[in-house]
Amino acid sequence: MSDPIPDVLIIGGGLAGLSTAAALAPRRSTLVLESESALGYHSSGRSAAMFEAHYGPAPVQVLTQASETHHRDNGYLSPRGMMLVAGPDQAEAFAADCATLSLTEITVEQALEMVPVLNPATLGFAAYHDTAEDLDADRLLQDFAKVTRSHGGRIRTDAQVISFRHSDTDDLWEVDVATGTGTGRTTETLRSRHIVNAAGAWADEIAALAGLPPIGLQPKRRSMARLPAPGGHDVTTWPMIMGVGECWYAKPDAGKLLVSPADADPVAPHDAYADDMVLAEGLARYEDMVTTPVTRVEHNWAGLRSFVADGVPVLGPDPDQPSFVWCAGQGGYGVQSSPAAGRVIADLITGKTPEIDAATLAALSPGRLR
């Protein structure tokens, strides 16, 4: 007997797709398709995840704050803190960042007590708050998958969408999918009442296959390097450290230090990798503010963060075809805002009034981009 027609077919097995699936599965039959062999292979699995309630545009902050209870109740958050550092000639930019991120200025001496490798010769200003927290993105992703399956939702990997057709007669989508790998790869046709486009950097390409206009999605590369703990220090209690203007940042991780040039270079959708020159420039900016030179990079990688023109995520039904629902353009905010974003999509599909206010919904709507 063939599989039943799912009410909702979700394209993308990262946090955007799985948070939506977890919210939908108790209410509607749900099928998730992920083109890679592993869930969260691209952006979701390559994030130096933090929970920062005041990070991003106003609609993002609404989603993030609406996600906090989910993160906290499930134990995904742990103390970290955030420190901003700036050179003596960066007073104006430092003050602007402090205001944007709700940071409190501290003395150079206090900064050195928290992060002893900071260089007092180049450190002119520092600020800190203790509300930024680490977020366990991998466990969040896996738990969304468990919830989906526990309610009968299905998740398939190695399943790449290659074409769509929509029938106005029975209001169903027909989706051609290439499944499997290597010589075992085959093509099958699936049917569904709703499509959720949670394809990350490829979301505009999925829309094109469905015959719908793009939203102007631009993937941007973010590179990362893992370094040994500088100077043999125990970095466990260090805060996340950010250069003024977010020109680099460093974050403790499993006894090591992750350092990023905070690059945001526009690229085409692809399996991202770090650009050696960009990474070297970012590490040099980090080295300018510390006393311990970088002598070894243990590992480097990159992920894609995808934005539309106004930098706000795109959540909701397509204005030309309401059964095609966007969950895209999360930028650098998708991990921390995913629980609320998934609930918003599920509510819109099932006809329930979303928890967030109408003005925020309008700011997130795909219709704003047409």
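Quick caveat, the model's predicted, so the values are computed rather than measured. Throughout this document, residue positions are counted from 1 along each chain, in the order its sequence is written. Where totals are concerned, whole chains, interfaces and linings use all residues; where local detail is concerned, this predicted model gives features only for residues with pLDDT of at least 70, and gives and counts side-chain atom pairs only at 80 or more. Side-chain metrics rest on all non-hydrogen atoms present in the structure, leaving aside hydrogens and water.

### Comments concerning the UniProt feature "domain: FAD dependent oxidoreductase" (unreviewed entry) in the protein chain
Next, step 1: UniProt positions are given in the numbering used here, feature names are shortened, and annotations may be inferred rather than shown by experiment. Under the present numbering, the feature "domain: FAD dependent oxidoreductase" (unreviewed entry) in UniProt falls on residues 7–348.
Next, step 2: Note that residues 7–348 is 27% helix and 30% strand, and that its end C-alpha atoms are spaced 13 Å apart. Strands here mean DSSP runs of E at least two residues long; helices mean DSSP runs of H or I at least four residues long; both are numbered from the N terminus.

### What about helix α3 (residues 91–101)?
Since the α-helix turns once every 3.6 residues, residues separated by three or four places project in the same direction.
Next, step 1: Exposed residues in this analysis have more than 50% of their type's maximum accessible area, buried residues have under 20%, and partly exposed residues fall in between, with area computed by a 1.4 Å probe over protein chains only. Within α3, burial applies to Phe94, Asp97, Cys98 and Leu101. Along the axis of α3, the buried residues cluster in a sector spanning 105°; they form a single face. Exposed residues on α3 whose side chains face more than 90 degrees from its buried face are Glu92, Ala99 and Thr100.
Next, step 2: Tucked into the core, α3 has its buried residues touching β5 (82–86), β6 (104–106), β7 (125–129) and β15 (240–243).
Next, step 3: At the C-terminal side of α3, serine 102 shows a positive phi close to 55°. Arc, as used here, means the arc of the directions from the helix axis to the C-beta atoms. A contact between two residues is defined here by any heavy atoms of the two lying within 4.5 Å.

### A closer look at the packing of aromatic side chains
Next, step 1: Any two rings among Phe, Tyr and Trp, with Trp reduced to its six-membered ring, count as a pair given centres within 6.5 Å; such a pair is stacked if its planes are under 30 degrees apart, edge-to-face if over 60, and tilted if neither. As enumerated under the stated definition, the model contains seven aromatic pairs in all.
Next, step 2: Here tyrosine 55 and tyrosine 333 contribute two aromatic rings whose centre-to-centre distance is 5.3 Å and whose plane-to-plane angle is 65°, an arrangement assigned as edge-to-face. One end of the pair, tyrosine 55, is in the loop between β3 (50–51) and α2 (58–73); the other, tyrosine 333, is in the loop between β21 (324–328) and α8 (334–350), and 278 residues separate them in sequence.
Next, step 3: Between tryptophan 248 and tyrosine 286, the ring centres sit 5.6 Å apart and the planes meet at 75°, which makes this aromatic pair edge-to-face. Within this pair, whereas tryptophan 248 is found in the loop between β15 and β16 (249–253), its partner tyrosine 286 is found in helix α7 (residues 276–287), the two being separated by 38 residues in sequence.

### As for the packing of α2 against α8
Next, step 1: With axes taken as lines fitted to C-alpha atoms, and helix axes fitted only over the stretch in contact, angles between N-to-C directions fall between 0 and 180 degrees. Packing of α2 against α8 brings their axes to within 7 Å, and their N-to-C directions diverge by 95°. Relative to α8, the element α2 lies roughly perpendicular. Across the interface between the two elements, Leu63, Thr64, Ala66, Ser67, His70 and His71 from α2 touch Val335, Gln336, Ser337, Ser338, Pro339, Ala340, Ala341, Arg343 and Val344 from α8.
Next, step 2: Three residue categories are used. Nonpolar comprises Ala, Val, Leu, Ile, Met, Phe, Trp, Tyr, Cys and Pro, charged comprises Asp, Glu, Lys and Arg, and polar comprises the others, including Gly. Broken down by class, the residue content of the contact of α2 with α8 amounts to seven nonpolar, seven polar and one charged. If an angle is under 35 degrees, it is roughly parallel; if it is over 145, roughly antiparallel; if it lies from 65 to 115, roughly perpendicular; otherwise it is oblique.

### Things to note about the pairing of strand β12 (residues 186–192)
Next, step 1: Two strands qualify as a pair provided that DSSP identifies no fewer than 2 bridges between them. Relative to β12, strand β11 (residues 172–179) runs antiparallel, the two being bridged by seven bridges. Bridged to threonine 179 within β12 is threonine 186.
Next, step 2: Following β11, the chain reverses through six residues before pairing antiparallel with β12; glycine 180 in that reversal takes a positive phi of roughly 85°.

### Some thoughts on the pattern of salt bridges
Where charged atoms from two side chains of opposite charge come close, those side chains can pair.
Next, step 1: We define a salt bridge as a side-chain nitrogen of Lys or Arg found within 4 Å of a carboxyl oxygen belonging to Asp or Glu. Summed over all chains, the structure comprises 24 salt bridges.
Next, step 2: Here arginine 27 makes a salt bridge to aspartate 347, at a shortest N to O gap of 2.9 Å. Of this pair, arginine 27 sits in the loop between α1 (15–24) and β2 (30–33) while aspartate 347 sits in helix α8, and the two are 320 residues apart along the sequence.
Next, step 3: Residue classification places arginine 27 among the partly exposed positions, given a relative accessible area of 32%.
Next, step 4: Assessed through its relative accessible area of 4%, aspartate 347 is described here as buried.
Next, step 5: The shortest N-O distance in the salt bridge between arginine 368 and aspartate 310 comes to 2.7 Å. In this pair, arginine 368 is assigned in the segment after α9 (358–364) and aspartate 310 in the loop between β19 (299–307) and β20 (314–317), connecting sequence segments 58 residues apart.
Next, step 6: Each of Arg165, Asp170, Glu174, Asp176 and Arg191 takes part in one network of salt bridges that share partners.

### Regarding the environment of arginine 27
Next, step 1: On a C-alpha basis, the gap between arginine 27 and leucine 217 in space is 30 Å, while along the polypeptide they are 190 residues apart.
Next, step 2: The contacts of arginine 27, once residues within four sequence positions are left out, are Arg343, Ala346, Asp347, Thr350 and Lys352.
Next, step 3: By the criterion applied in these results, polar contacts are pairs of N or O atoms within 3.5 Å in which, for protein atoms, one can donate a hydrogen and the other can accept it, and in which residues neighboring in sequence qualify only through two side-chain atoms. Polar side-chain contacts of arginine 27 include one of 2.9 Å to the side chain of aspartate 347.

### Side note on the sheet that holds strand β1 (residues 8–11)
Next, step 1: Strand order in the open sheet formed by six strands is β9-β2-β1-β13-β21-β20, with mixed pairing between adjacent strands. The sheet is open, and its two edges are formed by β9 (154–156) and β20, each paired on a single side. Put simply, the sheet's adjacent strands are angled 15° from each other on average, direction ignored.
Next, step 2: Note that β1 and β2 share four bridges and pair parallel. Of the residues in β2, the one forming a bridge with isoleucine 11 is leucine 33.
Next, step 3: Strand contacts of α1: β1, β2, β9, β13 (194–197) and β21, with the helix running at about 160° to β1, the strand carrying the most contacts.

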